[in-house]
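Report on the structure
The lines below spell out each chain.
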Amino acid sequence: LAKRNITEILPDAFLAAGRVRSRVTSLSLRGNHLTELPEGLFVDLLDQDFIITSLDLGYNRLMALSAGVFQTRSARKVRMDSLHLESNHFTTLPAGVFKGVEVDQVYLRNNNLTQLHAEAFHGLTFGQNRTLDISQTNLRQLPPKVFDGLELDRLYLQNNNLSQLHPETFHGLMLCYSSNDCILDISHNQLQVLHAEAFH
């Protein structure tokens, strides 16, 4: 459903009819004109016994995500390879919006996330090729422990407006735990001072 000039999706658009279960492994709504997503829109698509290889919502006009947009009826863990949310109009992410999601790669670049909720990534887990891209989002600050509990191989924070890093910004982040191909990119920001324990 990519690049179809879609402006609205009804709440029951992807609900299974009767006992017929969907078997969708990839869904692309990329490059439309969506401004919002109804709560529970993906509930049947995500409540499956197999991996969603890709959920692509990039290049729309989404301004917010509801806290339960990636939840299932059974409260089971959602497993997917990649989640594309880049190039939208997000200004913030609610606490726990990714709770119960296990994903390999999350792309949030090119939004307007001037700040992140301290628990925006609470309950999110990563599988393989663990990548979190929050570059080019106008971030001015990062809350303490915002990445607490995450295990990542690549964390992209470049091309933002970060002027400082809280001493506990990366507290609880496990970077490059099982990979030699690791990246922490904070280039092209406005950092003037680095606290002695910024990378402790």
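Residues numbered from 1 in each chain as written. Predicted model: local features only at pLDDT ≥ 70, side-chain atom pairs only at ≥ 80, totals over all residues. Heavy atoms only, no water.

**Considering the overall build of the chain**
In terms of regular secondary structure, the chain is built from one helix and nine strands. Listing the helices and strands of the chain from first to last along the sequence gives β-α-β-β-β-β-β-β-β-β. Scaling as 2.2 N^0.38, a compact globule of 200 residues should have a C-alpha radius of gyration of about 16 Å, and the chain matches this with 17 Å. When its C-alpha atoms are laid out on the principal axes, the chain stretches across 60 × 35 × 25 Å. Relative to its 200 residues, the chain shows a buried fraction of 44%. Put simply, 67% of the contacts in the chain that link residues at least 6 apart link residues at least 24 apart. For the chain, the exposed area adds up to about 10,300 Å²; of that, 46% sits on carbon and sulfur atoms. Computing the positive centroid from 17 side-chain charges and the negative centroid from 21, the chain places the two 6 Å apart. (Helix = DSSP H or I, 4+ residues; strand = E, 2+ residues; numbered from the N terminus. Rg over C-alpha atoms; globule rule 2.2 N^0.38 Å. Buried < 20%, exposed > 50% of the residue type's maximum accessible area, 1.4 Å probe, protein only. Contact = heavy atoms within 4.5 Å. Areas by Shrake-Rupley, 256 points an atom, 1.4 Å probe, with all protein chains shown as cover. Lys, Arg positive; Asp, Glu negative; His and termini not counted. Charge placed at Lys NZ, Arg CZ, Asp CG, Glu CD.)

**A few points about the state of the cysteines**
One pass over the structure, following the stated rule, counts one disulfide. The disulfide partner of Cys-176 is Cys-182, and the gap between their sulfur atoms is 2.4 Å. According to the relative accessible area criterion, Cys-176 is partly exposed, its value standing at 23%. A residue is classified by how much of its surface remains accessible, and Cys-182, at 32% relative accessible area, is partly exposed. (Disulfide = S-S within 2.5 Å.)

**Here we look at the sheet that holds strand E2 (residues 52–56)**
Read from one edge to the other, the open sheet built from seven strands follows the order E1-E2-E3-E4-E5-E7-E9, with strand pairing classed as parallel. The open sheet has two free edges, formed respectively by strand E1 (26–28) and strand E9 (183–185), since each of these has just one partner strand. The mean inter-strand angle of the sheet, taken between neighbouring strand axes irrespective of direction, is 20°. (Pairing = 2+ DSSP bridges. Axes fitted to C-alpha atoms, helices over the stretch in contact; angles between N-to-C directions.)

**Concerning the confidence of the model for the chain**
Looking at the chain, the pLDDT average stands at 90 and 96% of residues meet or exceed 70. Confidence, expressed as mean pLDDT per element, reaches its minimum in the chain at helix H1 (residues 43–46) with 85 and its maximum at strand E7 (residues 154–156) with 97. (pLDDT = per-residue confidence, 0-100.)

**Concerning the side chain of Asn-60**
Relative to the elements of secondary structure, Asn-60 occurs in the loop between E2 and strand E3 (78–84). A residue is classified by how much of its surface remains accessible, and Asn-60, at 4% relative accessible area, is buried. For Asn-60, the side chain forms a polar contact with the main-chain oxygen of Gly-58, separated by 3.3 Å. Residue contacts for Asn-60: discarding those within four places in its chain leaves Leu-29, Arg-30, Gly-31, Asn-32, His-33, Leu-34, Ser-87, Asn-88 and His-89. (Polar contact = N/O pair within 3.5 Å; in protein donor to acceptor, adjacent residues only side chain to side chain.)

**Here's the deal with unusual backbone geometry**
Phi is positive for Lys-3, which is not a glycine, with a value near 55°. Secondary-structure assignment places Lys-3 in the segment before E1. You can call Lys-3 exposed: its relative accessible area is 69%. In this structure, Asn-138 takes a positive phi of about 65° despite not being glycine. Here Asn-138 is to be found in the loop between strand E5 (125–133) and strand E6 (151–152).

**Here we look at the nonpolar core**
Ranked by internal contacts, the top residues of the largest apolar core, which has 51 residues, are Phe-42, Leu-93, Phe-121, Leu-132 and Phe-147. At the level of secondary structure, the elements contributing two or more residues to this core comprise H1, E2, E3, strand E4 (101–107) and E5. If sequence neighbours within four positions are ignored, Phe-147 has contacts with Phe-121, Leu-132, Ile-134, Leu-142, Leu-155, Leu-157, Thr-169, Phe-170, Gly-172 and Leu-173. (Core = buried A, V, L, I, M, F, W, Y, C linked by side-chain atoms within 4.5 Å.)

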